[in-house]
Amino acid sequence: MKTRTHRPPLTDADLDRALAPASDSILPSSGFAASVMAAVHEEQAAPAPIPFPWKRAVPGLLAVLAALAILIVAVPAALRSAMAAAQQHQAAGSIQGSLTALAHPGNPTTWISASVILSLACLLFCRKLIAR
């Protein structure tokens, strides 16, 4: 077992000695302040960053919003018309007739479906390229 040694209480003189600035104080290296000030002046002299060109981006953003609005309105209407055509052909009893109605070149559902599938394929391909 270790025995405790009795230490005398600290006096004000001991605290003053411990907290007094030492003769070996830390000083910055020569040229440090000058290099910092040179960096500050370079930063101050640098041109301001280029602002984002909102005036040029707004028409594109409005076009995207208009295209989304058209899609929201047009896709359900096209699907309803395609389903109505398919139901008419099914009423006639021909499954081949309903497939022919969907594959008809004048049917907007065909073009919308093809464009959506092609867009998704492109997005998936780009994701795979970026993931590598």
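Residues numbered from 1 in each chain as written. Predicted model: local features only at pLDDT ≥ 70, side-chain atom pairs only at ≥ 80, totals over all residues. Heavy atoms only, no water.

Caption draft 1: Focus on the overall build of the chain. A count of helices and strands for the chain gives 5 helices and 0 strands. Traced from its N-terminal end to its C-terminal end, the chain shows the element sequence α-α-α-α-α. Counting every position in the chain, which comprises 132 residues, the buried fraction comes to 6%. Of the roughly 12,300 Å² of accessible surface on the chain, 70% is carried by carbon and sulfur atoms. (Helix = DSSP H or I, 4+ residues; strand = E, 2+ residues; numbered from the N terminus. Buried < 20%, exposed > 50% of the residue type's maximum accessible area, 1.4 Å probe, protein only. Areas by Shrake-Rupley, 256 points an atom, 1.4 Å probe, with all protein chains shown as cover.)

Caption draft 2: How the structure looks around a nonpolar patch on the surface. Together, Phe-52, Trp-54, Val-58, Leu-61, Leu-62, Val-64, Leu-65, Leu-68 and Leu-71 make up an exposed nonpolar region whose accessible area comes to about 920 Å². Here Val-64 lies in helix α3 (residues 54-91). (Patch = residues over 30% accessible without salt bridge, like charges linked within 9 Å, V, L, I, M, F, W, Y side chains within 5 Å. Salt bridge = Lys/Arg side-chain N within 4 Å of Asp/Glu carboxyl O.)

Caption draft 3: The arrangement of the pattern of salt bridges in detail. Within this structure, the stated rule accounts for 1 salt bridge. Its salt-bridge partner being Arg-17, residue Asp-14 comes within 2.6 Å of it at the nearest N-O pair. One end of the pair, Asp-14, and the other, Arg-17, are both in helix α1 (residues 12-19), 3 residues apart, so they sit about a helical turn from each other. For Asp-14, a relative accessible area of 23% gives the class partly exposed.

Caption draft 4: Examining the confidence of the model for the chain more closely. Predicted confidence across the chain gives a mean pLDDT of 80, with 80% of residues reaching 70 or more. For the chain, per-element mean pLDDT is lowest for helix α4 (residues 95-103), which scores 59, and highest for helix α2 (residues 32-45), which scores 92. (pLDDT = per-residue confidence, 0-100.)

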